[in-house]
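Summary of the model geometry
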2 protein chains.
Amino acid sequence: MAEETKAPPPMKDLNIDNITENTITINNQGDDARLKYVMERLVTHLHDFARETRLSTTEWMAALNFLVSVGQISTSVRHEFILLSDILGLSLLVDAIDHPKPPSSTEGSVLGPFHTHDAHTISNGEGMSSDPNGEECLVVCTVKDTKGRPVEGVKVDIWETDSSGHYDVQYGDRQSPDGRCVMKSDEEGGFWFKAIVPVPYPIPHDGPVGKLLKLLGRHPWRPAHMHFMFEKPGWDHLITALYIRNDPYETSDAVFGVKQSLIVDFVPASAAIAQKYGVKDGTKVLMHDFVLVDEKETEQLRDENALKALKALGRRVKLLNHLPVPDLD
Amino acid sequence: MAEETKAPPPMKDLNIDNITENTITINNQGDDARLKYVMERLVTHLHDFARETRLSTTEWMAALNFLVSVGQISTSVRHEFILLSDILGLSLLVDAIDHPKPPSSTEGSVLGPFHTHDAHTISNGEGMSSDPNGEECLVVCTVKDTKGRPVEGVKVDIWETDSSGHYDVQYGDRQSPDGRCVMKSDEEGGFWFKAIVPVPYPIPHDGPVGKLLKLLGRHPWRPAHMHFMFEKPGWDHLITALYIRNDPYETSDAVFGVKQSLIVDFVPASAAIAQKYGVKDGTKVLMHDFVLVDEKETEQLRDENALKALKALGRRVKLLNHLPVPDLD
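Within any chain, residue numbers begin from 1 and follow the written order of that chain's sequence. The lettering of chains begins at A and the numbering of ligands begins at 1, in the order of writing. In keeping with the predicted nature of the model, local features appear solely for residues at pLDDT of at least 70, side-chain atom pairs appear and are counted solely at 80 or more, and the whole-chain, interface and lining totals rest on all residues.

A short note on the sheet that holds strand E8 (residues 238-244) of chain B
Residue and element names in this part refer to chain B. Strands sit in the order E3-E2-E7-E8-E9 across an open sheet of 5 strands; the sheet is mixed. Strands with a single pairing partner mark the edges of an open sheet, and in this sheet they are strand E3 (180-184) and strand E9 (263-264). Strand pairing is assigned whenever DSSP identifies at least 2 bridges connecting the two strands. Elements are defined by DSSP. Helices are runs of H or I of four residues or more, strands are runs of E of two residues or more, and each kind is numbered from the N terminus. Bridging between E8 and E9 involves 2 bridges; their strand directions are parallel. Looking at E9, one finds that Tyr243 is bridged to Ile263.

A few points about the relation of the copies chain A and chain B
When the copies are superposed, the least-squares fit takes in the C-alpha atoms of residues with a pLDDT of at least 70 in both. When chain A is fitted to chain B, the best match, at an RMSD of 0.0 Å, comes from turning it 180° and sliding it 0.0 Å along the axis. Classification of the inter-copy transformation places it as that of a two-fold axis. Taking C-alpha positions as reference, the residue of chain A nearest the rotation axis is Gly71(A), located at 2.0 Å. Contact criterion: two residues are in contact if their C-beta atoms, reconstructed from the backbone, are within 7 Å. Here 99% of the contact residues of chain A are again contact residues in chain B; the copies associate through an equivalent surface.

Concerning the sheet that holds strand E1 (residues 136-145) of chain B
Hydrogen bonding along the main chain pairs the strands of a sheet, whether they run parallel or antiparallel. All names here are of chain B. Strand order in the open sheet made by the 4 strands is E4-E1-E11-E10, with mixed pairing throughout. The open sheet is flanked by strand E4 (190-196) and strand E10 (267-268), the only strands paired with a single partner. Sheet topology note: the E1/strand E11 (residues 284-292) ladder contains 9 bridges and is parallel. When the sheet's bridge partners are listed, Val140 is paired in E11 with Met287.

Digging into helix H1 (residues 19-26) of chain A
Taken together, the buried positions of H1(A) are Ile19(A), Thr20(A), Asn22(A), Thr23(A) and Ile26(A). Down the axis of H1(A), the buried set is contained in an arc of 165°. They therefore lie on one face. Where H1(A) is buried, its residues meet helix H2 (33-53) of chain A together with helix H5 (90-98) of chain B. Exposed residues have 12 or fewer other C-beta atoms within 10 Å of their own C-beta, buried residues have 20 or more, and partly exposed residues fall in between, where C-beta atoms are placed from the backbone. The arc refers to the directions leading from the helix axis to the C-beta atoms.

Things to note about helix H3 (residues 57-73) of chain B
Since the α-helix advances by 3.6 residues per turn, residues separated by three or four positions end up pointing in the same direction. Between its terminal C-alpha atoms H3(B) stretches 24 Å, which fits the 24 Å expected from 17 residues at 1.5 Å a residue. Those residues of H3(B) lying buried are Trp60(B), Leu64(B), Leu67(B), Val68(B), Val70(B), Gly71(B) and Ile73(B). If you follow the buried residues of H3(B), they end up packed against helix H3 (57-73), helix H4 (80-87) and helix H5 (90-98) of chain A together with helix H4 (80-87) and helix H6 (208-215) of chain B. To estimate how far a helix should extend, the number of its residues minus one is multiplied by 1.5 Å.

Note that every value here comes from positions in space, so none of it alone points to a role or purpose.
This is the structure:
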């Protein structure tokens, strides 16, 4: 016999009209208020989806088989469920909810499925791409706070594709990280490195997500961009990217990542810049100042946004560890 | 450059408030009206779920990793996504939507993840379980239509666990099908066979679905039952099960399958029955009459239910191949 924590509510004769309420009740036996709330909303939306579409058994089975294939093509370097979340706009949405940005700060963008944890740490001036076919460029950045003060010692992850539009992890014979690096911002909040000019590329579309895009008449392309991730204790984790102006996919990014404030220009290096950074005259240079938000400010903004949004939705909630749960008092 | 079927709508600066509308628009470029409607409802519910829970990046990542693990534990004989759908009440709901039953017909129940396509066909009187530890029983059934007329030549799939509560496919060393069979109803609509008395069993809970049940404080048990599936061209596909009365899990089935009309009794074989069917006096006997609905009647009922339900939900739809799509005229 099973270990039963509590007697579940009696259930029988479940049908279209009572299954939701009963599923929620049986899911409500644990002690985790947040999990119970998340499951209640999940079951409600899942069932409403089926009721509103009158989902057929054939469609249901096709969907479940699709989800199996999304899981099965995933590996330690390919997360097809992140990709699915990306093309459904969910990744953008969750980032926007979890990392609200005050007006003066750098906006976030989608993480995507290609970040890894094995990139080498490089020093200012070093290169992060070994692709001989890429067009070399210089990237000169700072990290500051919302008051314009430099933030030192920020761990910065940077990653981009090679000149053919592929990340290192997309090659079966990958020996070591390439097209990616980790840097630390210096005492002036600065970090600068050599890279290659980003190119547009299609997200991996040889798997189930690619099939879905095709069925939907959507292209799989992302505009040229370079990913950046910023981490330092006390500061809100910033995942973002810089997009190169006038890309053909600027307004049709397959994963909804482009923001006007993240669109940047390459400019040819002047003689002074070329000399200062040790590059050839005319080398394409990208200069950008990133602005981080301190963790407390983000937390406060996130809490305020949550309570305001849920009030507008007519949901009576309180925050528990900064996340909404029903307010039953 | 990508092959583009149509120019997508221009999109940039997507945020919590406009991402849903934009995702729906970009998904709307294909020609399949049904797919577009299903995706529109899916994206709406998925995004509303994230907005109503203020889903955090940590929770989102945990959910995506959970889904990967559900896909990865799945095999040709273990469909963990069906199991997930079962414990979330979705399987019951989809069956109820797709296979509406007029009052005089046999109700449906959940398919579960253990049906296979390799069961041997047996004749009346043969056995379908080789488990020497099971308690032998006799099952005597008929298949009729709603007017009480026998339906001949119906393909009937029957499957149950062994006496330890495991299906054959749960054994790594499975050589051939056991605890399952296929039969054909005879000219009187009858089919009868020997089996073992079903026992309650836990659904597979060594994987991600089991972990979720534990987190929710739910037990994984199903009440003792025997699965039946009926197929014949012209008749609505019936997936159902018979549940043994007074099972400890009768009102707490982990997958919501029990219906009062499907609860049955075993009775000891009388001398006459024992002689007629070639079993020992007192052998447990289960007798049941199944009632199929013809395909046309089901289709009509399904269509009516769909239009009625969607009208009640305030959605303006028409039916296309018997499935709702927006009525834009």
